[in-house]
Amino acid sequence: MDSALLELTPALILFCLISTMTPGPNNILLAHSGAHFGIKKTLPHVIGIRLGMTILHITILLGLGELFKIWPYMHKVCTIMAAGYIIYMSIKIAMAKIHNTNSHLKPMSVLQAASFQAINPKSWASLITASSAFTLNGDLFWPSALLGIIMFNIATLPGSFMWITIGKLVSARLQQPKFHRIFNSIMGVLLLSTLPMIFI
C-alpha cells in the first residue's frame with residue numbers, strides 16, 4: 001500500500017467510527033429497534049444502512065472524481081468545507097437535546113433502511129466529508145476512495161451495534177438529561193478531534 005494511503009487510514013478509521021457512534025437519524029432508529037425488537041431482528045436494518053450508504057458513497061465519488069479532474073483546487077475547497085461541517089456537527093452534537101422516536105410496528109427492512117439513506121442528511125454530510133476530506137489528489141484519488149468505501153463498511157459496524165445495544169440495555173438512561181448531556185459532550189469532542197487529521 002502507498003505510504004500516503006497508510007497515513008490516511010488512521011484518520012479515516014477514526015472519522016468512520018465517530019461519525020457512526022454520534023447521534024443521528026440512523027442511530028436513533030437503531031437504538032429504537034434494539035430496544036423493541038432485539039439485536040437479531042435489527043440485523044436487516046444494519047445491512048440496509050450499509051447497502052444504502054455504499055450506493056450513495058459511490059454516487060458521490062463518481063461526481064466528485066470528475067470535478068476534481070476538471071478543477072483540482074476543488075478538492076481543497078471541499079476539504080475546507082468538510083472541516084466546517086465537522087466543527088458544526090461537533091457543536092450540534094455536544095448541545096443536542098434528548099430525542100424521542102415514534103414506535104414502529106415492525107423492524108425496518110433492508111430496502112427501507114437502504115432507501116432512507118437517500119433522505120438522511122447525516123449520511124449525505126458524512127459521505128461528502130469522507131469523499132473530499134479523506135481522499136487524495138491525482139492517481140491516488142480512486143485508491144483512497146476505495147479505501148473509504150471499505151472503511152465505512154467495516155469501521156462503522158461497531159458504532160451501529162453499539163447503538164442497538166444502547167437501545168436494548170440503557171435506553172431509559174439516555175432519557176435522563178444529565179446522562180444524555182455528558183454522553184453528547186464526549187461524542188462532540190471526539191468528532192472534533194478528527195479535524196486536524198484531515199489536513200495531514
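Here, the structure is the one placed above.
For clarity, every value in this text was computed on a predicted model and none was experimentally measured.

## Structural notes on the overall build of the chain
Secondary structure summary: the chain contains nine helices and zero strands in total. Ordered by position in the sequence, the α and β elements of the chain form the string α-α-α-α-α-α-α-α-α. In the chain, buried positions account for 47% of the 200 residues. Residue pairs at least 24 apart in sequence account for 87% of intrachain contacts in the chain once pairs closer than 6 positions are excluded. Split by element, the accessible area of the chain, about 10500 Å² in all, is 73% carbon and sulfur.

## Thoughts on helix H5 (residues 121–133)
Across its 13 residues, H5 extends 18 Å between first and last C-alpha, which sits within 8% of the 18 Å expected from 1.5 Å per residue. Among the 13 residues of H5, 10 are classified as buried, and the element is accordingly described as predominantly covered. Burial in H5 covers these residues: Lys-122, Ser-123, Ala-125, Ser-126, Leu-127, Thr-129, Ala-130, Ser-131, Ser-132 and Ala-133.

## So, the nonpolar core
Counting 41 residues, the largest nonpolar core has Phe-134 and Phe-152 as its most contacted members. Secondary structure elements with two or more residues in this core: helix H1 (3–21), helix H2 (25–70), helix H3 (73–94), H5, helix H6 (141–154), helix H7 (157–169) and helix H9 (177–192).

## Considering the packing of aromatic side chains
Tallying each qualifying case throughout the model produces three aromatic pairs. Consider the rings of Phe-141 and Trp-142, whose centres lie 5.0 Å apart with planes at 80 degrees: the pair is edge-to-face. Classification of Phe-141 as buried rests on a relative accessible area of 6%. With relative accessibility at 37%, the residue Trp-142 sits in the partly exposed group. An aromatic cluster is defined as three or more aromatic residues linked by ring pairs; in this entry it consists of Phe-15, Phe-134 and Phe-152.

## Quick look at H9
Taking 1.5 Å of rise per residue, 16 residues should cover 22 Å, and H9 covers 22 Å from first to last C-alpha, within 8% of that figure. Those residues of H9 that fall on the buried side of the exposure criterion are His-180, Phe-183, Asn-184, Met-187, Gly-188 and Leu-191. Seen end-on, H9 carries its buried residues on one side only, within an arc spanning 135 degrees. Residues of H9 that are exposed and point over 90 degrees away from its buried face: Lys-178 and Val-189.

## Considering the packing of H1 against H7
Two numbers describe how H1 lies on H7: the axes approach to 8 Å, and their chain directions differ by 20 degrees. Comparing the axis directions of H1 and H7 gives the class roughly parallel. Viewed along their axes, H1 and H7 form a crossing whose handedness is right-handed. Within the contact between the two elements, H1 uses Leu-17, Thr-20 and Met-21 and H7 uses Pro-158, Gly-159, Ser-160, Met-162 and Trp-163. Classifying every residue of the contact of H1 with H7 gives five nonpolar, three polar and no charged.

What counts, and at which threshold
- Per chain, residues are indexed from 1 in the order of the written sequence.
- Note on the predicted model: pLDDT of at least 70 is required for a residue's local features to be given, and 80 or more for side-chain atom pairs to be given and counted; whole-chain, interface and lining totals, by contrast, use all residues.
- Just so you know, side-chain values use all the structure's heavy atoms and leave hydrogens and water out.
- Per the convention used, a helix needs a DSSP run of H or I reaching at least four residues, while a strand needs a run of E reaching at least two, with both numbered from the N terminus.
- Accessible area is worked out with a 1.4 Å probe on protein chains only. A residue is then buried under 20% of its type maximum, exposed over 50%, and partly exposed in between.
- Note on contacts: a residue pair qualifies if any of its non-hydrogen atoms lie within 4.5 Å across the two residues.
- In short, Shrake-Rupley with a 1.4 Å probe defines the accessible areas, and a residue's cover is counted only from the protein chains shown.
- Take the number of residues in a helix, subtract one, and multiply by 1.5 Å to get its expected span.
- As used here, the term nonpolar core means buried Ala, Val, Leu, Ile, Met, Phe, Trp, Tyr and Cys residues forming a set that is joined through side-chain atoms within 4.5 Å.
- Two aromatic rings, drawn from Phe, Tyr or Trp (for Trp, its six-membered ring), form a pair once their centres lie within 6.5 Å of each other, and the interplanar angle then sorts them: stacked below 30 degrees, edge-to-face above 60, tilted otherwise.
- The arc in question is the one spanned by the directions pointing from the helix axis to the C-beta atoms.
- Note on geometry: axes are C-alpha line fits, over the in-contact stretch for helices, and angles between N-to-C directions span 0 to 180 degrees.
- Throughout this description, any angle smaller than 35 degrees is read as roughly parallel, any larger than 145 degrees as roughly antiparallel, any in the 65 to 115 degree range as roughly perpendicular, and the remainder as oblique.
- Each crossing gets its hand from how the near helix is turned against the far one by less than a right angle, where anticlockwise is left-handed and clockwise is right-handed.
- Amino acids are sorted into nonpolar (Ala, Val, Leu, Ile, Met, Phe, Trp, Tyr, Cys and Pro), charged (Asp, Glu, Lys and Arg) and polar (every other residue, Gly among them).

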